[in-house]
Amino acid sequence: MVTSMTRRQGRSAGLFLSPFLILFLIVTIVPLGYAAWLSLFTERSSGLGLGGARREFAGLGNYVKAATDSTFQDGFITIGAYVAVYVPVMIGCALAVALLLDSGLAVARRFTQTTLFIPHAVPGLIAALIWLYLYTPGLSPVTDWLGQGQGSAGVASTHPLLSVVNIGMWQWMGYNVVIFYAALQAIPREVIEAATMDGADRMQVALRIKAPLIRPAVTMAALFTIIGGIQLFNEPKILAQASTSITSAWTPNLYTQDAAFSRNDYGLAAAASLLIAGIAALLSFAVMRLTDRRSQP
Amino acid sequence: MFRWKPLAALAAVTALSLVSACSSGGQEVGAEPGEGQVTFWSFLRGSDAVAAAFNESHPGIKVNFVNQAGGPDYYTKLSNAMKSGQVPDAAVAEYTRLPEIVSLGGATDLTGEVGPVVQKTFPGAIQELVTLGGKTWGVPRDASAMLYFYRKDFFDEHELSVPETWADYKTLAAKVKSIDSGKRAGAYLTGNYNLLSALSWQAGGKWFGAEGDSWAVGINDEPSLKVAGYWQDLLKNDLVTSFPDYTDQFWQDIQNNDLVGYFCASWCAGNLKATVPDQSGDWAVAELPSWDGESASAMWGGSSFIVPKGAKNSAAALEFIKWITTDPQGIAAWFGTGVSSMYPAAPTLVPEAKKGFTTEYFGGQDIYAVLTDSYDSAVPGWRWGPAMATTESAFNDRLGKAADGSAQLTDIFSQVQDATVKALKDRGLTVAQ
């Protein structure tokens with residue numbers, strides 16, 4: 001009796017899970033497996049190459065080639081620098097804005113929130129195109145106004161990292177503000193009242209009470225921002241058109257795109273993307289563990 | 001009851017299609033000669049008109065034109081099509097990229113079918129661009145000989161003369177700057193290596209060549225380094241302005257009358273006419289300055305047509321390709337849009353092209369005569385390499401550093417040489433030392 005119940009339960013659980021499992025298999029596992037398989041091969045020609053290329057088993061050769069390629073490594077340095085600038089600035093600003101909105105000092109709260117959020121509705125690629133225009137000397141009303149001389153290389157050339165961070169900020173700050181604000185709203189008012197009764201001023205309430213209470217939300221946002229950073233692609237891809245500093249393999253993702261679609265080296269591209277995925281997974285795991293431990297009492 | 005079978009089948013089909021995507025498409029047996037459907041990929045202006053005109057005059061063949069975006073993405077699409085076996089029957093391939101397509105095994109050897117036609121119709125410098133290993137892989141359409149575009153009104157006003165040598169050009173550039181510190185007589189491109197490759201070609205550089213069964217790579221050969229040093233000097237003395245490419249920022253300078261001259265190929269005439277129509281009558285063209293005063297030229301761009309390997313209807317595709325590249329009617333069809341300044345690779349078709357391009361914009365100047373001189377003086381022996389995408393990005397990633405002074409152009413040429421040789425060796429190609 002009991003066993004038949006569990007079997008039936010198991011069957012219905014399988015029934016409910018199957019759409020997910022099938023989709024997961026088709027859109028994640030199969031491409032992943034295909035990439036893993038592709039990464040084991042390389043295409044070799046000989047002589048002048050007139051006979052075309054033939055596929056050869058390379059073993060882990062593509063992984064070694066990617067890992068030891070200084071261009072690929074430089075991509076991670078770029079990402080490191082980007083994350084080091086972007087995450088504190090983004091989280092700090094978003095938190096500050098959310099605390100301001102929550103403080104009762106802000107007027108037109110809803111309007112401000114919506115206005116901040118609107119850029120997030122613009123697709124990343126379009127945002128990058130808009131900023132490309134805004135960064136281009138001679139065309140941009142902004143750079144001329146800022147006194148960037150005409151004929152100069154433009155902001156994307158002189159400050160590639162900051163110009164990419166700026167696009168990210170514009171696009172994602174409102175999103176994080178909404179998350180933080182929602183978390184702040186969920187703080188029981190009694191806690192804040194108690195703090196005020198004890199003589200804490202607004203600043204102290206914000207920094208000592210509210211901010212620590214929404215730490216899980218802040219940590220999650222920071223984590224997603226870091227993982228998003230590893231995937232940096234759209235903004236530099238577009239800005240590269242007008243920037244002399246952003247090269248065709250500026251970030252690891254650009255490197256894989258260049259390897260596959262301009263160098264026709266699909267094996268190398270597959271190996272490099274799996275390396276990126278591995279690093280992203282390791283990083284997420286490490287940050288997760290770290291924050292878990294810290295949030296333990 | 002939940003049905004597994006259709007979904008399992010779907011999953012299997014998806015997996016299979018992914019797997020089969022990497023097996024190369026085999027050559028299929030062609031249909032009867034000159035009949036049936038032809039899929040045609042091109043990004044060239046006027047391709048639609050040409051396909052339509054062909055369909056009208058060839059009832060047995062139906063050409064289906066599929067418009068493509070130009071630039072590097074096109075070649076990505078083409079090479080992916082080659083990998084999946086779903087290739088068009090006829091496709092455009094710029095001379096720069098033809099050897100790479102061939103070395104990836106993506107083009108059909110056309111020696112038997114069009115080899116004699118190509119030999120008979122086109123001059124040697126052009127033939128070399130579609131020949132590799134003694135075989136003909138494509139049929140040339142246009143030749144984009146280099147020119148110097150200049151503002152005749154400004155030159156006349158300040159009694160400037162058109163430079164005949166590169167030494168003259170430097171003097172001119174300095175003069176223009178001294179007349180008005182905001183004006184320049186030329187531009188350096190930080191995101192497009194074609195300007196420097198054309199000028200290296202003109203100087204007698206040979207970036208690629210076949211020595212028996214191996215590639216010879218000479219991106220940092222002596223003539224090319226001479227060009228690099230010369231442009232480094234122009235940049236150092238701020239005699240030319242810099243743009244990523246001949247796009248937005250460049251056109252802004254043209255519009256503001258800040259740029260009074262620039263080096264570009266024949267197709268730039270059409271661009272100029274279309275982009276700044278209000279400067280009609282102000283512009284003129286001249287041949288490139290040369291190192292020794294003798295006419296010498298080179299090309300920037302230019303296209304040929306290939307039959308990708310695995311094409312289903314290569315016989316009809318070849319008929320179409322021959323018509324649009326060598327038949328006067330075919331050439332006439334290219335000019336349906338009225339703005340093309342295409343210069344046909346076949347000299348016999350130039351009068352036809354000339355008829356299609358009105359020259360009021362150039363103050364009535366016979367720009368086709370200048371183009372013919374430039375075309376005829378193209379330095380022979382230039383070939384493109386089998387990994388131009390790598391060579392191109394290696395250049396474009398670095399050219400900006402010469403403009404902002406953080407690197408020497410001559411060093412950049414040597415770095416690109418190393419990167420290119422490495423890319424060739426990585427692919428198993430033989431490189432002569």
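All values reported here derive from a predicted model rather than from experimental measurement.

**A closer look at the sheet that holds strand β3 (residues 90-94) of chain B**
Residue and element names in this part refer to chain B.
Okay, so step 1: Strand order in this open sheet of five strands is β2-β1-β3-β14-β6, and the pairing throughout is mixed. At either end of the open sheet lies a strand with only one pairing partner, and these are β2 (61-67) and β6 (139-140).
Okay, so step 2: Bridge analysis of strand β1 (residues 36-42) against β2 gives seven bridges, and the strand direction is parallel. Opposite W41, over in β2, you have V66 as the bridge partner.

**A few points about the domain arrangement of chain B**
As a measure of interface size, the accessible area lost when the parts come together is often cited.
Residue and element names in this part refer to chain B.
Okay, so step 1: What the domain assignment reports for chain B is domain 1 (36-143 + 301-357) and domain 2 (146-300 + 361-427).
Okay, so step 2: The straight-line distance from the C-alpha centre of domain 1 to that of domain 2 is 26 Å.
Okay, so step 3: Summing both partners gives a buried area of about 2600 Å² for domain 1 against domain 2, and 58% of it is carried by carbon and sulfur.
Okay, so step 4: Summed over the shared surface of domain 1 and domain 2, the result is two salt bridges.
Okay, so step 5: Note that E392 and R97 form a salt bridge whose closest N and O atoms lie 3.3 Å from each other.

**Points about the layout of surface pockets**
Okay, so step 1: Its volume calculated, the second largest pocket comes out at about 1200 Å³.
Okay, so step 2: If you go around the second largest pocket, you meet 49 residues; those closest to its centre are D69, T71, Y255, D258 and R263 of chain A.
Okay, so step 3: Broken down by secondary-structure element, the contributors of at least two residues to the lining of the second largest pocket are α1 (2-38), β1 (41-44), α3 (70-102), α13 (252-262) and α14 (266-295) of chain A together with α3 (72-84), α17 (388-403) and α18 (409-426) of chain B.
Okay, so step 4: When grouped by side-chain class, the residues that make up the lining of the second largest pocket number 16 nonpolar, 16 polar and 17 charged.
Okay, so step 5: Shared between two domains, the lining of the second largest pocket holds at least three residues of each, these being domain 1 (36-143 + 301-357) and domain 2 (146-300 + 361-427) of chain B.

**What about the environment of Q279 of chain B?**
Residue and element names in this part refer to chain B.
Okay, so step 1: Tracing the sequence through the fold places Q279 in the loop between α12 (267-275) and β13 (283-286).
Okay, so step 2: In sequence terms Q279 and V118 are 161 residues apart; their C-alpha atoms lie 39 Å from each other.
Okay, so step 3: Dropping the residues within four chain positions of it, Q279 is found in contact with R151, I254, Q255, N257 and Y361.
Okay, so step 4: A polar contact of 3.2 Å, which involves the side chain of Q279, links it to the side chain of N257.

**Focus: empty space enclosed by the protein**
Okay, so step 1: Inspection of the entire model under this criterion finds four cavities of 30 Å³ or more.
Okay, so step 2: The calculated volume of the largest cavity comes to roughly 100 Å³.
Okay, so step 3: Residue lining of the largest cavity: F261, S262 and N264 of chain A together with Y75, T76, S79, M82, R97, E100, I101, L104 and A389 of chain B, and that is the complete set.
Okay, so step 4: Going through the elements one at a time, α13 of chain A together with α3 and α4 (98-103) of chain B are the ones with two or more residues in the lining of the largest cavity.
Okay, so step 5: Examining the composition of the lining of the largest cavity, we find that four residues originate from one element, α3 of chain B, more than from any other.
Okay, so step 6: For the lining of the largest cavity, the per-class residue count stands at six nonpolar, four polar and two charged.
Okay, so step 7: Space inside the second largest cavity adds up to approximately 70 Å³.
Okay, so step 8: Surrounding the second largest cavity, Y95, L98, P99, V102, E128, L129, T131, L132, W137, R383 and W384 of chain B form its lining.
Okay, so step 9: With three residues, the single largest contributor to the lining of the second largest cavity is α4 of chain B.
Okay, so step 10: In the lining of the second largest cavity, the residues fall into eight nonpolar, one polar and two charged.

**Details of the packing of helix α8 (residues 160-185) of chain A against helix α11 (residues 215-230) of chain A**
Residue and element names in this part refer to chain A.
Okay, so step 1: Two elements in contact, α8 and α11, have axes separated by 10 Å at closest approach and are oriented at 160°. Here α11 runs roughly antiparallel to α8, going by the angle between their axes. Taken as a pair, α8 and α11 cross one another with a handedness that is right-handed. Between α8 and α11, the residues in contact are N176, I179, F180 and A183 and A217, V218, A221 and T225, respectively.
Okay, so step 2: Residues that form the contact of α8 with α11 fall into these classes: six nonpolar, two polar and no charged.

**Quick look at α17 of chain B**
Residues and elements named next belong to chain B.
Okay, so step 1: Taking 1.5 Å of rise per residue, the 16 residues of α17 would be expected to cover 22 Å, and the 23 Å separating its terminal C-alpha atoms lies within 8% of that figure.
Okay, so step 2: A bend of about 25° at D397 is the largest found in α17.
Okay, so step 3: Summarising burial for α17: twelve of the 16 residues are buried, a large majority.
Okay, so step 4: M388, A389, T390, T391, E392, S393, A394, F395, D397, L399, G400 and A402 are the residues of α17 that are buried.
Okay, so step 5: After α17 finishes, the residue G405 shows a positive phi value of roughly 85°.

**Focus: the interface of chain B and chain A**
Okay, so step 1: Taken residue by residue, the interface counts 45 residues in chain B and 37 residues in chain A.
Okay, so step 2: Summed over both sides, the interface of chain B with chain A buries roughly 3500 Å², with 58% coming from carbon and sulfur.
Okay, so step 3: Inspection of the region where chain B meets chain A yields one salt bridge.
Okay, so step 4: The residue D426 of chain B makes a salt bridge to K65 of chain A at a minimum N-O spacing of 3.9 Å.
Okay, so step 5: Between the two partners, chain B and chain A, sit nine residue pairs in polar contact (both at pLDDT 80 or more).
Okay, so step 6: Secondary-structure elements contributing two or more residues to the side of chain B that touches chain A are α1 (5-20), α3, α4, β10 (214-217), α11 (248-255), α17 and α18 of chain B.

About the thresholds
Residues numbered from 1 in each chain as written. Chains lettered and ligands numbered in written order. Predicted model: local features only at pLDDT ≥ 70, side-chain atom pairs only at ≥ 80, totals over all residues. Heavy atoms only, no water. Pairing = 2+ DSSP bridges. Helix = DSSP H or I, 4+ residues; strand = E, 2+ residues; numbered from the N terminus. Domains from an automatic or database assignment. Buried area = accessible area lost by both parts, 1.4 Å probe. Salt bridge = Lys/Arg side-chain N within 4 Å of Asp/Glu carboxyl O. 1 Å grid on protein atoms, 1.4 Å probe; cavity = no way out; pocket = protein on both sides within 12 Å on 5 of 7 lines; lining within 4 Å. Points joined across faces, edges and corners; volume = space filled by probe spheres on them. Nonpolar A, V, L, I, M, F, W, Y, C, P; charged D, E, K, R; others polar. Contact = heavy atoms within 4.5 Å. Polar contact = N/O pair within 3.5 Å; in protein donor to acceptor, adjacent residues only side chain to side chain. Axes fitted to C-alpha atoms, helices over the stretch in contact; angles between N-to-C directions. Parallel < 35°, antiparallel > 145°, perpendicular 65-115°, else oblique. Left-handed = near helix turned anticlockwise from the far one by under 90°. Expected span 1.5 Å × (residues − 1). Bend = angle between axes of the 7 residues up to and from the residue. Buried < 20%, exposed > 50% of the residue type's maximum accessible area, 1.4 Å probe, protein only.

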